[in-house]
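For reference, the chains in residue letters:
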Amino acid sequence: MGFNCGIVGLPNVGKSTLFNALTATAAAEAANYPFCTIEPNVGRVGVPDPRLDKLAQIAASQKIIPTQLEFVDIAGLVRGASKGEGLGNQFLGHIRGVDAVIHVLRCFENDDITHVDGSVDPIRDLTTIETELMLADLESLDRRMLAASKKAKGGDAEAKGLLDLMERAKSHLEQGKPAKTMAISKEEIDLYQQLQLLSAKPMLYVCNVSEAEAATGNDLTRKVFEYAKSHDARAVVISAAIESEVAALESAQDQQEFLQSLGLEETGLKRVIHEGYGLLNLLTFFTVGPKEARAWTIYQGAKAPQAAGAIHTDFERGFICAETIPYEDYVACQGEVGAKAAGKLRLEGRDYLVKDGDVFHFRFNV
């Protein structure tokens, strides 16, 4: 599986500029007026992971295939989007299809770039967007509760449970609280996911700052970080302008030298990936051989058969066991042969919980 996230925000906050830089493409038009992005643009990038390069070097792999990170650039939302203002309903629908939301917030002053509300205030901006998501959720619940109510009266047990959950969710949202802060039991998780509530999406705030403030942030970004900490969200500071310049440099050495000249250690893309993985509770495992070294992504808490299924459904269906070597042991023993000789290769069964960095070879029979 890959990591799929939608880039949202008010018009003119730097969403499309950031999208172009992160995907190193010009697929999304960046312009100084609202709704320059009419259809969602999708970009995929390989997730940088130095462990994969090291594994490929040891195994002399012909190809290196990183796991994929997918960005969806969604047109700017405005106040009233839940009621169809701007291009609202269309883009609220696009948000529903992503795993997480990257909310770009303008944290820079520039008289040449107009703000839709006339001034720069990222807390006001994020409140505007999140209020629209909650209003859209309330509208969705109202529609679905009618149908669930009829089924519940007819004796449908699942519909009754779903209706109860929707009534609690509606009450929670009406108090101005996003769905992700609602308490649910383990038994309710599957039903809760069926609701597909927008305000339940994990949220990463991306503070877009000027080049001069990329390394230090500013007073506006500090307010966003405080808000994120108190609202079960995450935040990063990025300069979309710097990301654009980095994307235009051809060699990794040139990119690193440019970043270091600005007091930065890594690109904004890497910071987004790091925070995004934490936000979605993802981990990476590897498959390594002479033909290819490949990284795969799966949720924390997944067991070995699920990891096998991420490669191919037949692997999960016919799962026998997983030959497992931790990354550190694979490197220390200089490959599978050395790890096996040192007793570091283990055979794990169906109940094995996948750990970040595991190198797998799956045995299966179908």
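Residues numbered from 1 in each chain as written. Predicted model: local features only at pLDDT ≥ 70, side-chain atom pairs only at ≥ 80, totals over all residues. Heavy atoms only, no water.

Our next topic: the pairing of strand E6 (residues 203–208). The element E6 is extensively covered by neighbouring structure, given that six of its six residues are classed as buried. The alternating pattern of E6 places Met203, Tyr205 and Cys207 and Leu204, Val206 and Asn208 on opposite faces, both of which are buried. Of the strand pairs in this sheet, strand E5 (residues 100–106) and E6 are connected by six bridges, and their pairing is parallel. When the bridges of E6 are listed, Arg106 appears paired with Asn208. By the bridge criterion, five bridges tie E6 to strand E7 (residues 234–238) in an arrangement that is parallel. If you follow Tyr205 over to E7, its bridge partner there is Ala235. A crossover connection joins E6 to the parallel E7 through helix H7 (residues 219–230); in handedness this β-α-β unit is right-handed. (Buried < 20%, exposed > 50% of the residue type's maximum accessible area, 1.4 Å probe, protein only. Helix = DSSP H or I, 4+ residues; strand = E, 2+ residues; numbered from the N terminus. Pairing = 2+ DSSP bridges. Right-handed = clockwise from strand over helix to strand, strands pointing away.)

What follows deals with unusual backbone geometry. In the Ramachandran plot, Asp232 falls in the positive-phi region, its phi being about 55° despite a non-glycine side chain. Secondary-structure assignment places Asp232 in the loop between H7 and E7. Given a relative accessible area of 58%, Asp232 falls into the exposed group. The backbone of Asn281 shows a phi angle near 55°, a positive value even though the residue is not glycine. Within the fold, Asn281 resides in the loop between helix H10 (268–280) and strand E8 (282–288).

A separate point is the nonpolar core. Of all hydrophobic cores here, the largest spans 58 residues; its most connected members are Phe71, Ile95, Ile102, Tyr205, Val206 and Val272. Take this core: its biggest share by element is six residues, from H10. Residues within four places of Val206 in sequence aside, it is in contact with Leu18, Ile102, His103, Val104, Leu105, Val236, Ile238 and Val272. (Core = buried A, V, L, I, M, F, W, Y, C linked by side-chain atoms within 4.5 Å. Contact = heavy atoms within 4.5 Å.)

A few words now on the environment of Val288. Among the secondary structure elements, Val288 is positioned in strand E8. Residue Val288 is classed as buried on the basis of its relative accessible area of 18%. Between the alpha carbons of Val288 and Val359 there is a distance of 7.1 Å; along the sequence they are 71 residues apart. Beyond its immediate chain neighbours, meaning those up to four positions away, Val288 contacts Leu55, Ala59, Ser61, Ala293, Tyr330 and Val359.

What follows covers the side chain of Asn208. If you trace the backbone, Asn208 turns up in strand E6. Within polar-contact distance, the side chain of Asn208 engages the backbone oxygen of Val13 at 3.0 Å. At 3.0 Å, the side chain of Asn208 and the backbone nitrogen of Ala240 are in polar contact. Dropping the residues within four chain positions of it, Asn208 is found in contact with Val13, Gly14, Val104, Leu105, Arg106, Cys107, Phe108, Ile238, Ser239 and Ala240. (Polar contact = N/O pair within 3.5 Å; in protein donor to acceptor, adjacent residues only side chain to side chain.)

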